[in-house]
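What follows is the residue order along each chain.
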Amino acid sequence: MKACVFKAPGAPLEIIEVPDPKAGPGEVVVRVKNCGICGSDLHAAQYGVLPSGTIMGHEFSAVVDEVGNGVTGFELGDPVMVVPMINCGVCEFCRSGQALLCTRQTGIGFEAPGAYAEKVRTRPEVLLKMPPGLSHRAAATVEPVVVGLHGLHRSKLLAGETCVVMGAGPIGLVTTMWARFAGARAVVVSEMAEGRRAMALKMGADAVVNPREQSPVKELVKMTGDGPDVVFECIGVPGTIGEAIRYVRKGGRVVVLGACPENDTISPMRALKREVDLRFSAGAELREFETAMALLASGRISTEPMITHVVGIDDFPRAFTALSHPTDQCKVMLEF
Ligand SMILES: [Zn+2]
Ligand SMILES: [Zn+2]
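Right, let's walk through the structure included here.

What counts, and at which threshold
Residues numbered from 1 in each chain as written. Chains lettered and ligands numbered in written order. Predicted model: local features only at pLDDT ≥ 70, side-chain atom pairs only at ≥ 80, totals over all residues. Heavy atoms only, no water. Donors = N, O, S within 2.8 Å, 3.2 Å for Na, K, Ca; no water. Tetrahedral: all angles 85-135°; square planar, octahedral: opposite > 155°, others 65-115°. Helix = DSSP H or I, 4+ residues; strand = E, 2+ residues; numbered from the N terminus. Buried < 20%, exposed > 50% of the residue type's maximum accessible area, 1.4 Å probe, protein only. Contact = heavy atoms within 4.5 Å.

## Brief notes about the coordination of the zinc ion (ligand 2)
Looking at the zinc ion (ligand 2), the protein donor atoms are Cys88 (SG), Cys91 (SG), Cys94 (SG) and Cys102 (SG), and they sit 2.3 to 2.4 Å from it. Of note is the zinc ion (ligand 2), whose four donor atoms meet at the metal with angles of 102 to 119° in an arrangement that counts as tetrahedral. Read N to C, the donor residues that coordinate the zinc ion (ligand 2) are spaced as C-x2-C-x2-C-x7-C. In this pair, cysteine 91 sits in the loop between strand E6 (85-86) and helix H2 (92-95) while cysteine 102 sits in the loop between H2 and strand E7 (106-107), placing the two residues 11 residues apart along the sequence. Owing to a relative accessible area of 5%, cysteine 91 belongs among the buried residues under this scheme.

## Side note on the coordination of the zinc ion (ligand 1)
Angles between donor atoms at a metal ideally measure 109.5 degrees for a four-coordinate tetrahedral arrangement and either 90 or 180 degrees for a six-coordinate octahedral one. Within the protein, Cys38 (SG), His58 (NE2), Glu59 (OE) and Glu143 (OE) serve as the donor atoms for the zinc ion (ligand 1), at 2.2 to 2.6 Å. Relative to the metal, the four donor atoms surrounding the zinc ion (ligand 1) lie at angles of 80 to 160°, and the coordination shape comes out irregular. The exposure class assigned to histidine 58 is buried, which follows from its relative accessible area of 4%. You can call glutamate 59 buried: its relative accessible area is 2%.

## What about the environment of phenylalanine 280?
Relative to the elements of secondary structure, phenylalanine 280 occurs in strand E15 (residues 277-280). Distance from phenylalanine 280 to glycine 258, taken between C-alpha atoms, is 8.9 Å for residues 22 residues apart in sequence. Setting aside residues up to four positions removed in sequence, phenylalanine 280 forms contacts with Arg154, Ile241 and Val256.

Okay, here's the thing in structure tokens:
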């Protein structure tokens, strides 16, 4: 089969021919339909945190292609969405119902081969059957949608509260969508790229600002008379958490979804004086995957506006490289 592999830090991905995966006992092979490019893939490719030859890709939908001995509940051709984490099932977190924090988690598309390839060999526990009405493209956005839903749950945002979303990349956009869905009184999104500001409006923002020109808090005060109850930090570069602490109203909550790999500094005194709740949000729970799939399938939420580019595998390495300096792209997706 064709696979698109990571070669070296900063180098383009390469398409190579690798043997087709075969389903062993207790395993399933799926044929990939769509796979989105995630910021963490771009980061991994740039900094080379993965061994050469790694097949990345963890935001994907597929159909069942081969069912190994002993696997029940799946048939050839079943459309599935893949939860890209294999938990160990035995550590203290797995046993206490917090599998999200599993200490021996295997990430599909990182430690295990992912979906920048025609087929993936995996385990049935990570396959969720797609509900009727859910397209394969939409199913490939479930993983980032779930990251936003988990952030919403971590924020405890209530209907009628207000928020600022910092950054309108895919995570900022899905967070905006969820804040709107949850009944926020006002959602203001700050984003430097013009194209992404336009997308934020389509995904449910009431107002968008370029933070180089205007403060999102000023905009929110203009609309509601007060600063944000919640600030979602969806950028992940040094300085943005400190900025979020400055933005949030006294006693408000800051939820960090941006994955900043570098050390950062904040002013504890400022956060303390304002009694800010600072929370981090990473993972996702199985029921959040089910919720996201059901709501996408019913059309009550939609990620359609953020899918800007769909490419075949031959054009994929170029599209991947282009996304490290995005212009008008947002969610770029591989399609078979
Ligand atoms: Zn992702
Ligand atoms: Zn575990």
